[in-house]
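What follows is the residue order along each chain.
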Amino acid sequence: EENRQKKMLKFSHITKVHPCFNEKIHDKVGRVHLPVAPRCNIACKFCRRSLGKEACEHRPGVALSVLKLEDVENYLNKVLKEIPNVKVVGIAGPGDSLFNKETFETLEIINEKFPDLIKCISTNGLLLNKYYKKLADLNVKTVTVTVNAIDPEILKDIIEWVYYDKKIHHGIEGAKILIENQIDGIKKAYDEGLIIKINTVLIPEINMEHVVDIAKELKDFAYMQNIIPLIPLYKMKHLRAPTCEEIKRVREECEKYLPQFRACGQCRADSAGLIKEKKILEDFFKEKNKEK
Ligand code: SF4
Ligand code: SF4
Ligand code: SF4
């Protein structure tokens, strides 16, 4: 308990103003995503995607198109003009942020041109133990890591393969690598002063009774956990989403170990700010095409 309070205090200057880390201001402070990271290095069974192509779906939002580095500054200027009170800029895909060098180049652009924005990234964590220091050096404050299982027997049913060390690792072998790297990366990132949020997709038929083990394992390193319901898509089409009661029960169990974030609507297109973000990006590409 004492440990938890210390952690909360240490990070409060950031979490006070970050909408994904603070339910109280979730609807008041804006954040924008830059879709600069198209490729992914793992294959989640609920995610329709293909390696190397831009049609990579991450969470429910599919990025319209990938933003090029040379457009980052203009696009951000447009967003800041049109959406009030944007304080956070996030890189969350559409693939894995750490698997795309454009992510790091974008962070440099933000540091130079928009030094006041809080920088945030979301990742599957496979490469976090390689890049945590680089992220801290680039002045990233918050990192969201999606951890859906810490037992390879369970994770092997959630991901098909992991691309690591220039090889595709299927099944349990891939699951082991991902879990090891995630936990190692989270601990190192925490020691480096980064604020970690754990995202966990609740898949009733696969990880429902296991999610609490994730909270237990990471309680000393993560700041909070965000449990989100499975949206049954792609190779998980035949599985069911959790009921509200199930989500509530699992969050209550996990809360004994890790504070829970409950305001997250997974950035679905039904939230007003995000519809606006989508429209701004559409307009941006339209205007750009006209110039050509
Ligand atoms: Fe929020 Fe995740 Fe985006 Fe960061 S990367 S701003 S935590 S949605
Ligand atoms: Fe899709 Fe994200 Fe999983 Fe990659 S890490 S397969 S982008 S859900
Ligand atoms: Fe972040 Fe979730 Fe809010 Fe989207 S809905 S801004 S992912 S907390």
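This is a predicted model, so every value here is computed, not measured.

### Let's talk about the site of ligand 1
Moving on, step 1. Close to ligand 1 lie H18, C20, R31, H33, V88, A92, C120, S122, T144 and K197, which account for all nearby residues.
Moving on, step 2. Broken down by secondary-structure element, the contributors of at least two residues to the shell around ligand 1 are β1 (30-33) and β4 (118-123).
Moving on, step 3. Of the residues assigned to the shell around ligand 1, the class counts are four nonpolar, four polar and two charged.

### Thoughts on unusual backbone geometry
What you tend to see is this: most non-glycine residues have negative phi, and most peptide bonds are trans.
Moving on, step 1. In the Ramachandran plot, N139 falls in the positive-phi region, its phi being about 70° despite a non-glycine side chain.
Moving on, step 2. In this structure, Y234 takes a positive phi of about 55° despite not being glycine.
Moving on, step 3. With respect to the element layout, Y234 can be found in the loop between β9 (224-229) and α10 (244-255).
Moving on, step 4. Relative accessible area serves as the criterion here: at 30%, Y234 is assigned to the partly exposed category.

### Side note on the packing of helix α5 (residues 128-137) against helix α7 (residues 171-191)
Moving on, step 1. Contact pair α5 / α7: the axes reach a minimum separation of 8 Å and the direction vectors enclose 20°. One element, α5, and the other, α7, form an angle in the roughly parallel class. Handedness of the crossing formed by α5 with α7: right-handed. Across from L128, N129 and Y132 in α5, the residues of α7 making contact are N181, D184, G185, I186, K188 and A189.

### Here we look at the packing of helix α9 (residues 211-218) against α10
Moving on, step 1. Look at α9 against α10: their axes get within 9 Å of each other, and the N-to-C directions meet at 25°. The pairing of α9 with α10 is recorded here as roughly parallel in orientation. Remark: the crossing between α9 and α10 carries right-handed chirality. Touching V211, V212 and A215 of α9 are V250, E253 and C254, all from α10.
Moving on, step 2. A per-class count over the contact of α9 with α10 returns five nonpolar, no polar and one charged.

### Regarding the packing of aromatic side chains
Moving on, step 1. A full pass over the atoms with the stated rule returns seven aromatic pairs.
Moving on, step 2. Arranged with centres 6.1 Å apart and planes meeting at 70°, the rings of F99 and Y163 form a pair that is edge-to-face. Placement of F99 in the loop between β3 (86-91) and α4 (101-113) and of Y163 in strand β6 (residues 159-164) is noted, with a sequence separation of 64 residues between them.
Moving on, step 3. Classification of Y163 by relative accessible area gives partly exposed; the value is 27%.
Moving on, step 4. Their ring planes at 70° and their centres at 6.0 Å tell us that F284 and F285 sit as a pair that is edge-to-face. Residue F284 shares its accessibility class with F285, and that shared class is buried.
Moving on, step 5. Counting every residue linked through ring pairs, the aromatic cluster contains F11, F21 and Y223.

Reading the values: the criteria
- Residues numbered from 1 in each chain as written.
- Chains lettered and ligands numbered in written order.
- Predicted model: local features only at pLDDT ≥ 70, side-chain atom pairs only at ≥ 80, totals over all residues.
- Heavy atoms only, no water.
- Near = heavy atom within 4 Å.
- Helix = DSSP H or I, 4+ residues; strand = E, 2+ residues; numbered from the N terminus.
- Nonpolar A, V, L, I, M, F, W, Y, C, P; charged D, E, K, R; others polar.
- Buried < 20%, exposed > 50% of the residue type's maximum accessible area, 1.4 Å probe, protein only.
- Axes fitted to C-alpha atoms, helices over the stretch in contact; angles between N-to-C directions.
- Parallel < 35°, antiparallel > 145°, perpendicular 65-115°, else oblique.
- Left-handed = near helix turned anticlockwise from the far one by under 90°.
- Contact = heavy atoms within 4.5 Å.
- Phe/Tyr/Trp six-rings, centres within 6.5 Å; stacked < 30°, edge-to-face > 60°.

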